[in-house]
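Structural characterization, general
So you can see what is in the structure, the chains are spelled out below.
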Amino acid sequence: DWTMAEYKAAKIADIREQVGDGKVICGLSGGVDSSVAAILIHEAIGDQLMCVFVDHGLLRLNEREQVETLFRDHYNIPLVVVDAEERFMAGLDGVSDPEKKRKFIGGEFIEVFDEEAARIGGADFLAQGTLYPDVIESVSFTGGPSVTIKSHHNVGGLPERMNMQLVEPLRELFKDEVRDLGRELGLNDQFVGRHPFPGPGLAIRIPGEVTKERCDILRKADAIYLEEIRNAGLYDAIWQAFAVLLPVKTVGVMGDSRTYDNVCGLRAVTSTDGMTADVYPFDASFLTRVSTRIVNEVKGINRVVYDYTSKPPGTIEWE
Ligand code: XMP
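Residues numbered from 1 in each chain as written. Predicted model: local features only at pLDDT ≥ 70, side-chain atom pairs only at ≥ 80, totals over all residues.

Overview of the packing of helix H1 (residues 4-19) against helix H7 (residues 175-184)
Viewed as axis vectors pointing N to C, H1 and H7 meet at an angle of 80°, and their least axial separation amounts to 10 Å. One finds that H1 runs roughly perpendicular with respect to H7. Facing Met4, Ala5, Tyr7 and Lys8 of H1, the residues of H7 in contact are Asp180, Leu181 and Glu184. (Axes fitted to C-alpha atoms, helices over the stretch in contact; angles between N-to-C directions. Helix = DSSP H or I, 4+ residues; strand = E, 2+ residues; numbered from the N terminus. Parallel < 35°, antiparallel > 145°, perpendicular 65-115°, else oblique. Contact = placed C-beta atoms within 7 Å.)

Pasting the structure below:
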């Protein structure tokens, strides 16, 4: 039995021992996990750490600005923001298979980190906010035969040519424990309470081909959905909520005209660790309000559906 304060002290000691006077770069996603990992590592080794935030064009509305504010202004942790939208979009062009998307994005992340490391004269370590569930779900399905359900973007190690070792101080923790550790490191409740966001970002919330145009449409719908969830005071009761954009067009009518646009799916689940999940039972009036707003305000969407699938048999993300 250990307290989070003890865990933090032990991990800081581990990080110092592993890293010595080496240089570490840490990939930030804007989520709780990579932020907690970065702040913990910064506490251990100070400015031997440099953080890299890759803007792959698959982020939510205003996410990049929020990360910049937190790291630069609040924590004063060295941060490089890489504008990588074009190369990610180019690489995703024509790719619609979910595993191919995930593999490309994971590989491209590593490429970008490698380039950024080279820019600072090389780094010895790459830090990631990999959690325990990431590790096991990429290896095998609980209790079943060894099959890959999804290749998490940050699991699976580094290509051999890269001379960097991984630093993954959260590898033994579940999400709720990471949140406790975040509080222990001085992050406020609002930040540690943020819903998880996957590294591959909006790419795995757009079944089929990912384009900038589709990302822009999805960003708007997602922001409206989350704004309504916050306004209703439901954010903290939900593990994760997000919109998906389906590559399916249906016919609708607005005013006197016919529309022929995409379908938006809404997902919201409760969970304690992301391994299993239940559908969040919104009131019908809430879903009606969100649906009306999205169809009225987001050009490109004329129909909204709610995903009523638990995990299992569904997964939380759609890909
Ligand atoms: P699934 O869709 O597998 O998701 O039920 C379980 C939890 O993991 C998150 N997730 C990811 N997080 N990289 C991440 O950092 C990934 O590649 C990834 N894929 C899924 C998902 O958002 C949910 O919280």
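Regarding the environment of Glu115
Take Glu115: it is sitting in helix H5 (residues 98-119). Taking the C-beta count within 10 Å as the criterion, Glu115 has 12 such neighbours and is therefore assigned exposed. (Buried ≥ 20, exposed ≤ 12 C-beta atoms within 10 Å, placed from the backbone.)

Details of unusual backbone geometry
Residues apart from glycine generally show negative phi values, whereas peptide bonds are mostly found in trans. In this model, Lys311 is joined to Pro312 through a cis peptide bond whose omega is -20°. Position of Pro312 relative to the elements: it lies in the segment after strand S9 (301-306). With an omega dihedral of 10°, the bond running from Pro312 to Pro313 counts as a cis peptide bond. Assignment of secondary structure puts Pro313 in the segment after S9. Even without being glycine, Asn76 reaches a positive phi, approximately 60°. Along the chain, Asn76 turns up in the loop between helix H3 (63-75) and strand S3 (79-83).

Section: the nonpolar core
Counting residues in each nonpolar core, the largest one holds 75 residues, and the members touching the most others are Val24, Cys26 and Ile41. Structurally, this core is a two-domain feature, drawing no fewer than three residues from each of domain 1 (4-192) and domain 2 (211-306). (Core = buried A, V, L, I, M, F, W, Y, C linked by C-beta atoms within 7 Å. Domains from an automatic or database assignment.)

Structural notes on the confidence of the model for the chain
Per-residue confidence for the chain averages 92 on the pLDDT scale, and 94% of its residues sit at or above 70. Across residues 140-145 the pLDDT falls below 50, and counting only partners more than four positions away or on other chains, this stretch makes five contacts in the model. Predicted as a complex, the structure gets a pTM of 0.90 and an ipTM equal to 0.99. (pLDDT = per-residue confidence, 0-100.)

What about the pairing of strand S7 (residues 257-270)?
As judged from the 13 bridges shared by strand S6 (residues 240-254) and S7, these two strands associate in the antiparallel manner. Bridged to Lys249 within S7 is Asn262. Hairpin connection from S6 to S7: two residues lie between these consecutive antiparallel strands, with Gly255 at a positive phi of about 65°. Across five bridges, S7 lies against S9 in parallel orientation. When the bridges of S9 are listed, Leu266 appears paired with Tyr306. Direction of pairing for S7 relative to strand S8 (residues 278-279): antiparallel, over a ladder of two bridges. Counted as the bridge partner of Thr270 is Asp278 from S8. (Pairing = 2+ DSSP bridges.)

Remarks on the environment of Val82
Within the element layout of this structure, Val82 appears in strand S3. When neighbours within four sequence positions are excluded, Val82 is seen to be in contact with Val52, Val54, Asp55, Val112 and Glu116.

Quick word on H3
Over its 13 residues, H3 extends 17 Å from the first C-alpha to the last, a length consistent with the 18 Å expected when each residue adds 1.5 Å. Looking at the residues trailing H3, positive phi occurs at Asn76, about 60°. (Expected span 1.5 Å × (residues − 1).)

With respect to the UniProt feature "binding site: ATP" (unreviewed entry) in the chain
In the UniProt entry, the feature "binding site: ATP" (unreviewed entry) is given for Ser29, Gly30, Gly31, Val32, Asp33, Ser34 and Ser35. As for its placement among the helices and strands, Ser29 is situated in the loop between strand S1 (24-28) and helix H2 (32-45). Accessibility expressed as a C-beta count within 10 Å gives 25 for Ser29, which makes it buried. When residues no more than four places from it in sequence are discounted, the contact partners of Ser29 are Ser34, Phe197 and Gly199. Within the secondary structure layout, Ser35 lies in helix H2. (UniProt positions renumbered as here; feature names shortened; annotations may be inferred.)

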